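Geometric and topological summary
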Amino acid sequence: MRERILLLSIISTLLILLYFFQNHMNTPCAFMTILIFMAVYTTYMQIAFKHRQRKQRKHPVEKNYDYQPYISIMIPAHNEAEVIEETIKNISAIEYPRYEIIVIDDRSTDNTYDVLEKIAPNYRNLKYFSRTKEAFPGKSAVLNDALKIAKGEAILVFDADARVKPDFLKELIPALEPQQVGAVQARKVIINRNQNFLTRCQDNEMAVDTHFQVGRDSVKGAVELRGNGELIKRVALEDVNGWNINTVTDDLDMSTRLQIKGWDVRFCPEVCVYEEGVPSYIPLLKQRRRWIEGSIRRYLEHFSEVLTSGDMSLRVSLDMTAYITEFILPIWMVSEVAIQSYRFIKDDQNWILSSMALSILMCCFFIVALFYSLRKYVKLKPLENLKQSIETSIYIVVLWFPLAIFIIFKIIFMKNNMDWGKTQHGTATIQNDILIEIKKNIKNEAEELTNV
């Protein structure tokens, strides 16, 4: 109820402001103010990133590979019989001297547990257990149960379809060493990028997310965990009392609660975790619905703590506030264009052309961000880059805008059903050079060990 009242208050305030602008000001000015703010903040992040790069070149900071805490790798598995064996095989090839793997069969109705029993004797550092059907649902509850038996000084969480290179931990762990750092997130990459239009757009989406995460990291802002490939210090987990079982996005909620407690969350774009993209529209819609709902709800749930926390840095607080606009903006844009269109039809004074132009300008802002991201992280040729930047911008608008509006309506008027909305794994057609490279690296490492 508290979340509903808070969100209703925010939306009401937004509509009052919109009414004020409509009747007392040139409304495109308000719209332009938001665009200018976004452009200035993005420029600030880019300058900070370039400054850090230049500083690193002049005074290189070498990674401390001697920092080797014991790591508990947790893999929640709900009906993952199709992929879990390959995942464990891949994760077990990680080059690191001190780690254990804990696989949690979470109320599966397929033969996930049978697969675990069959392959367990082949892996000396593998633990596994099954949760009963009466157990509390959700990934957070799964991870809390696994934490009770984990021995690690830090916890690494993978999805059941994760693929990594053998040096994953070696390269990721040094970022966790500073005392104030509570968690580190690896860059996510879609392994079946070339399967179809949707998986290609999802990988491009991950690329632009990487771009903004790097920017947020450069200004020491509110970097977010992404669930797959997140590494968290145990002391930080204990400080926030583990994962929140009343959220549908454990990673986003954890990010916010860590930052409220004053912990830094860092991002490592040079260390990748590969996962399956969702190849069909309806499952993708369900996944993104969960992401948006979880993201909005965590802001509402922790709103007062964000405002009153004495431990959260001002930079994190301002960065978090800036990113809340990504959920407010769709409502503002749709309301603005709808009102101006109505006035145009009624032949009243209107700014329909200005509103449409600013909407196009907003899309151009995302196209530029995508173009830069794809050039840096996907390395496409210029014309192909531009084409995919435009089509991915359309994909984002078509997918995210209606969902954001629907979720806001749902939170205010509908019951919170705590639907985890599991993503189906093992359905993707993976024909990707990345997977071949990973398998090749693992094979080479195995041959070297045999020769020794």
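Our structure's up above, just so we're on the same page.
Report follows, based on the coordinates. None of these values were measured; they are calculated from a predicted model.

Attention shifts here to the overall build of the chain. When helices and strands are counted, the chain shows 15 helices and seven strands. Counting only residues that meet the buried cut, the chain has 54% of its 452 residues in that class. Once local pairs closer than 6 in sequence are excluded, the contacts in the chain between residues at least 24 apart make up 83%. Total accessible area computed for the chain in this model is approximately 21,800 Å², and 60% of it derives from carbon and sulfur atoms.

Take a negative patch on the surface next. A cluster of acidic residues, Glu82, Asp110, Asp114 and Glu117, forms a negative patch at the surface. Of note, Asp114 is situated in helix α4 (residues 112-119). A relative accessible area of 48% means that Asp114 is categorised as partly exposed.

What follows concerns the nonpolar core. Counting 38 residues, the largest nonpolar core has Ile71, Ile73, Phe158, Phe168 and Leu169 as the members making the most contacts within it. Listed by contribution, the elements that provide at least two residues to this core are β1 (71-77), α3 (84-92), β2 (99-106), α4, β4 (154-157), α6 (168-172), β5 (181-190) and β7 (264-275). No other element matches the four residues that β1 contributes to this core. Setting aside chain neighbours within four positions, we find Ile73 in contact with Ile91, Ile94, Tyr99, Glu100, Ile101, Ile102, Leu156, Phe158 and Leu169. Of all hydrophobic cores here, the second largest spans 36 residues; its members include Met45, Phe212, Ile408 and Ile412.

A cluster of nonpolar side chains, contributed by Tyr281, Ile282, Leu386, Ile390, Ile394 and Val398, occupies part of the molecular surface with about 550 Å² of accessible area. Examining the composition of the nonpolar patch, we find that four residues originate from one element, helix α14 (residues 382-413), more than from any other. Its place among the elements puts Val398 in helix α14.

The rules behind these values
- Residues numbered from 1 in each chain as written.
- Predicted model: local features only at pLDDT ≥ 70, side-chain atom pairs only at ≥ 80, totals over all residues.
- Heavy atoms only, no water.
- Helix = DSSP H or I, 4+ residues; strand = E, 2+ residues; numbered from the N terminus.
- Buried < 20%, exposed > 50% of the residue type's maximum accessible area, 1.4 Å probe, protein only.
- Contact = heavy atoms within 4.5 Å.
- Areas by Shrake-Rupley, 256 points an atom, 1.4 Å probe, with all protein chains shown as cover.
- Patch = residues over 30% accessible without salt bridge, like charges linked within 9 Å, V, L, I, M, F, W, Y side chains within 5 Å.
- Salt bridge = Lys/Arg side-chain N within 4 Å of Asp/Glu carboxyl O.
- Lys, Arg positive; Asp, Glu negative; His and termini not counted.
- Charge placed at Lys NZ, Arg CZ, Asp CG, Glu CD.
- Core = buried A, V, L, I, M, F, W, Y, C linked by side-chain atoms within 4.5 Å.

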